[in-house]
Amino acid sequence: MAITLEQVNTAPRDQALQLLDGLYEHSPWVAEKALDARPFRSLAHLKHAMAQVLRQAGRDAQVKLIKAHPELAGKAMVSKTLTAESTHEQGKAGLADCTPEEFATLQQLNTDYNAKFGFPFILAVRGPRGTGLSRQQIIDTFARRLQNHPDFELQENLRNIHRVVELRLNDKFAATPSLGNDVWDWHEAMSQYSDPGYLEKGQLTVTYLTDAHRACAAYISATMRDCGFDEVNIDAVGNVVGVYRAGTVRPEPVEGPASTSSARTVQAKTLLTGSHYDTVRNGGKYDGRLGIFAPMACVRELHRQGKRLPFNIEVVGFAEEEGQRYKATFLGSGALTGDFKPEWLEQKDADGITMREAMLKAGLKPEEIAKIKRNAADYVGFVEVHIEQGPVLNELDLPLGIVTSINGNVRYLCEITGMASHAGTTPMNRRRDAAAAAAELLLYVERRAAQDGDSVGTVGMLQVPNGSINVVPGRCLFSLDLRAPVDAQRDALVADVLAELNTICERRGVHYTTELTERAAAAPSAPAWQQRWERAVDSLGVPLHAMPSGAGHDAMKLHKVMPQAMLFVRGQNSGISHNPLESSTSDDIQLAIQAFTHLLTHLAP
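The text that follows walks through the structure, step by step, so that each part is easy to find. All figures in this text were calculated on a predicted structure; none of them were measured in a lab.

**Quick word on the overall build of the protein chain**
At step 1: The helix and strand tally for the protein chain stands at 21 helices and 18 strands.
At step 2: Computed over its C-alpha atoms, the radius of gyration of the protein chain comes to 27 Å, within 12% of the 25 Å expected for a compact globule of 605 residues.
At step 3: Burial statistics for the protein chain: of 605 residues in total, 53% are counted as buried.
At step 4: Considering only contacts in the protein chain between residues 6 or more positions apart, those separated by 24 or more positions represent 76%.
At step 5: When the accessible surface of the protein chain is split by element, carbon and sulfur atoms take 52% of a total near 26,600 Å².
At step 6: With 63 positive and 72 negative side-chain charges, the protein chain shows a separation of 1 Å between the mean positions of the two kinds.

Right under this line is the structure:
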């Protein structure tokens, strides 16, 4: 029989602890300490309280807890001495039915892992959806994590323990993240569409206006119709647009005697939301797409309840954001703000196909792109849900984060020219080494960005053209990517880096050039909208965490014409993104949908 939060909150301590029995392997002290945080506002609050207990317990206690867990497909499973919970979980993942080869592989991995780390490998084998990982997924994850640093791997084990406990708590409370499950399933279903050359390898790549891209648009359109949207269409740039119309209209008073006055209705305003459905090459399933599917689930629930809000909800699956096929980027959201340049239509992809040709082949009408520009006065604002794409929430054991600002960025392509010379005969004090100068700058960028706390600097490309093992580099090409949540902070970082580049090159007797390739302004969240997200997250009983976004998003474009704010959702696997390992759990997605629903139902434009 399912337990309730009220029972846990009101029961005597020993009885409450009994209700929470079996969560941690032979370690009831975690749940016992967590009871100090009663009363719990929600199941999510209880989960976080337990994670915090373990976070504050210290390394010795953490390692002891990890060691209390059994090996996967280990001796305890063979001898049938696993706890009931572990028996259920390992059985659900099929570990009791390993082939001899799989069993031998797991035994060797267990041996190697224990030898390297001194504690057993822990994996939440029921997975991000709660339905179980395959044996091959378990083996692949095991082998990958064997390469991690010991400090990192200890924390990864703890994060997996939190996930195991989350699923066990769901079982105890009979809590099913049904909306999160549906949205998770939508991601899986749409991931079947991938560009040629990647699909065959099981990789996800969806670039602008390919057949896979158009299939994704068709899938989103069909799902929107199933959700109950009143209008669904694909616009001139390939955006998928769904509108759920307002319900009650508010009368506008007319001057004059009450007996003769009439009321005329006012045009309902619109809340705009969405994200992109294109991907980077060999990318993940959630980047962008979560921001389309989460609000779609909210609309579906409104439709099922026969409920309308006093404003329209417009969900847009933006056709392009990643800049993978053509040089121009943010084509989808840019078109809505009037920031689509006609000359982009003549850009060519790697196969020589112009953007105009690709649009015409896809049945789009490029001559109508200008017509889809939105009138900002018709909108109350723009909100976007997005997977975090970083490790912060994962490391803090928090499911959601409120974005304070999207970092502004400046990018350069740079070249340092020195003198190529013989590596054996040129004395160290007479070299004009272009690569060494670039390396010195790279280390400065790392130090200088760290001084600000939330600035970031990256040299992502570093190349010695025609380099040889026995030649002092005479040329070095490299990139600079400098970002900060405030433009003034970013500009100070840029000025310092360029000044240091000049100083280094003068001292070393080399020359340099820089080419500015991008400058994007920071997009601070509108305070009122950020506060709406804060209230929504707080309503779930989840601690608030405010953070900047280091990555660019469609919200940056909409920021130019209307107020915007974003909500981040925790990613798994250390929050990795632009990578096949990008993932999120259906439980975290459920919380994001609940937060979005709170924002919708408490918005009075």
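**Digging into the packing of helix H11 (residues 178-190) against helix H13 (residues 290-304)**
At step 1: It is at 10 Å that the axes of H11 and H13 come closest, and there the two elements cross at 135°. The pairing of H11 with H13 is recorded here as oblique in orientation. Pair H11 / H13 crosses with right-handed handedness. Residues Leu179, Asp182, Val183, Trp186, His187 and Met190 of H11 lie in contact with H13, whose contacting residues are Leu290, Phe293, Met296, Ala297, Arg300 and Glu301.
At step 2: Looking at the contact of H11 with H13 residue by residue, the class counts come to 8 nonpolar, 1 polar and 3 charged.

**With respect to the side chain of Asn110**
At step 1: Locating Asn110 in the fold gives a position in helix H8 (residues 100-117).
At step 2: Within the structure, the side chain of Asn110 is placed 3.0 Å from the backbone oxygen of Leu72, a separation counted as a polar contact.
At step 3: Leave out the neighbours within four places in its chain, and Asn110 touches Glu71, Leu72 and Phe142.

**Considerations on the pairing of strand E14 (residues 475-484)**
At step 1: The buried count for E14 comes to 8 of 10 residues, which makes it a mostly enclosed element.
At step 2: In the sheet, strand E9 (residues 408-417) pairs with E14 via 10 bridges, with the strands oriented antiparallel. Within the sheet, the bridge partner assigned to Asn409 lies in E14 and is Arg483.
At step 3: Of the strand pairs in this sheet, strand E11 (residues 456-458) and E14 are connected by 3 bridges, and their pairing is antiparallel. Across the sheet, Gly457 pairs through a bridge with Leu482, a residue of E14.
At step 4: The pairing of strand E12 (residues 462-463) with E14 spans 2 bridges and is classified as antiparallel. By the bridge assignment, Gln463 is partnered in E14 with Leu477.

**Observations concerning the packing of H13 against helix H21 (residues 586-601)**
At step 1: Contact geometry for H13 and H21: axes closest at 9 Å, N-to-C directions at 60°. Put simply, H13 runs oblique to H21. Pair H13 / H21 crosses with right-handed handedness. Residues Leu290, Ala294, Pro295, Ala297, Cys298 and Leu302 of H13 form the contact with H21, whose own contacting residues are Ile589, Ile593, Phe596, Thr597 and Leu600.
At step 2: For the contact of H13 with H21, the per-class residue count stands at 10 nonpolar, 1 polar and no charged.

**With respect to the nonpolar core**
At step 1: Met296, Phe340, Met355, Met359 and Trp533 are the most contacted members of the largest nonpolar core, which has 100 residues in total.
At step 2: Residue contributions to this core peak at 9 residues, all from H13.
At step 3: Formed by 49 residues, the second largest nonpolar core is a distinct cluster that contains Met50, Leu54, Cys98 and Leu169.

**Some thoughts on the side chain of Gln530**
At step 1: Counting through the fold element by element, Gln530 comes out in helix H19 (residues 527-538).
At step 2: Classification of Gln530 by relative accessible area gives buried; the value is 14%.
At step 3: Apart from residues lying up to four places away in sequence, Gln530 is in contact with Ile402, Val403, Thr404, Ser525 and Ala565.

**Considering the pattern of salt bridges**
At step 1: Enumeration according to the criterion identifies 41 salt bridges in this entry.
At step 2: The salt bridge involving Glu314 is made with Arg374; its shortest N-O contact spans 2.7 Å. Of this pair, Glu314 sits in strand E6 (residues 312-318) while Arg374 sits in the loop between helix H15 (355-361) and strand E7 (379-387); the two residues are 60 residues apart in sequence, bridging distant segments of the chain.
At step 3: Linking Lys557 and Asp339 is a salt bridge whose minimum nitrogen-to-oxygen distance equals 2.5 Å. One end of the pair, Lys557, is in helix H20 (residues 554-558); the other, Asp339, is in the loop between helix H14 (331-336) and H15, and 218 residues separate them in sequence. The two residues Lys557 and Asp339 agree in class, both being buried.

**Looking at the environment of Ser584**
At step 1: Counting through the fold element by element, Ser584 comes out in the loop between strand E18 (564-569) and H21.
At step 2: Sequence spacing of Ser584 and Gly127 is 457 residues, and the spatial spacing of their C-alpha atoms is 9.8 Å.
At step 3: The residues contacting Ser584, other than those within four sequence positions of it, are Pro128, Trp184, Tyr286, Ile387, Val569, Arg570, Gln572 and Ile589.
At step 4: Polar side-chain contacts of Ser584 include one of 3.0 Å to the backbone oxygen of Arg570.

**Observations concerning the packing of aromatic side chains**
At step 1: Taken as a whole and judged by the stated rule, the model has 11 aromatic pairs.
At step 2: Plain terms: the ring middles of Tyr113 and Phe119 are 6.2 Å apart, the flat faces sit at 65° to each other, and that makes the pair edge-to-face. Residue Tyr113 shares its accessibility class with Phe119, and that shared class is buried.
At step 3: Seen in terms of ring centroids, Phe117 and Phe119 are 5.9 Å apart; in terms of plane orientation they differ by 20°. Their pairing is stacked. Here Phe117 matches Phe119 in class, with each residue buried.

Conventions we followed
Numbering of residues starts from 1 in every chain and runs along the sequence as written. The model is predicted, so local features are restricted to residues of pLDDT at least 70 and side-chain atom pairs to those at 80 or more, both for listing and for counting; the totals for chains, interfaces and linings are taken over all residues. Remark: hydrogens and water are excluded; side-chain values derive from all non-hydrogen atoms of the structure. Helix and strand assignments come from DSSP, with helices taken as H or I runs of at least 4 residues and strands as E runs of at least 2, each series counted from the N terminus. The size measure is the radius of gyration over C-alpha atoms, and the globule rule it meets is 2.2 Å times the number of residues to the 0.38 power. Buried residues are those whose accessible area, probed at 1.4 Å on protein chains only, stays under 20% of the maximum for their type, while exposed residues exceed 50% and partly exposed ones sit between those limits. Residue contacts follow a heavy-atom distance rule, with two residues in contact if any of their heavy atoms lie within 4.5 Å. Methods summary: accessible areas were calculated by the Shrake-Rupley approach with a probe of 1.4 Å, and residue burial reflects only the protein chains presented. Charge convention: Lys and Arg are scored as positive, Asp and Glu as negative, and His as well as the terminal groups of each chain are ignored. By convention, the charge on Lys lies at NZ, on Arg at CZ, on Asp at CG and on Glu at CD. Every axis corresponds to a line fitted to the C-alpha atoms, with the helix fit spanning only the stretch in contact, and the corresponding angles, defined between N-to-C directions, vary from 0 to 180 degrees. These descriptions rest on fixed angle ranges, namely under 35 degrees for roughly parallel, over 145 for roughly antiparallel, 65 to 115 for roughly perpendicular, and the rest for oblique. Crossing handedness follows the turn of the near helix against the far one: under a right angle anticlockwise gives a left-handed crossing, and clockwise gives a right-handed one. Basically, the charged four are Asp, Glu, Lys and Arg, the nonpolar ten are Ala, Val, Leu, Ile, Met, Phe, Trp, Tyr, Cys and Pro, and anything else, Gly included, counts as polar. Two N or O atoms count as a polar contact when they lie within 3.5 Å, although within protein this holds only if one can serve as hydrogen donor and the other as acceptor, and sequence-adjacent residues are included solely when both atoms are side-chain atoms. The pairing criterion for strands is at least two bridges between them, as found by DSSP. Buried Ala, Val, Leu, Ile, Met, Phe, Trp, Tyr and Cys residues that are joined via side-chain atoms within 4.5 Å together make up what is termed a nonpolar core. By convention in these notes, a salt bridge is any Lys or Arg side-chain nitrogen within 4 Å of a carboxyl oxygen on Asp or Glu. Classification of ring pairs uses Phe, Tyr and Trp, with its six-membered ring standing for Trp, and accepts pairs whose centres are within 6.5 Å; under 30 degrees between planes counts as stacked, over 60 as edge-to-face, and the remaining range as tilted.

Just distances and angles here, no functional claims.
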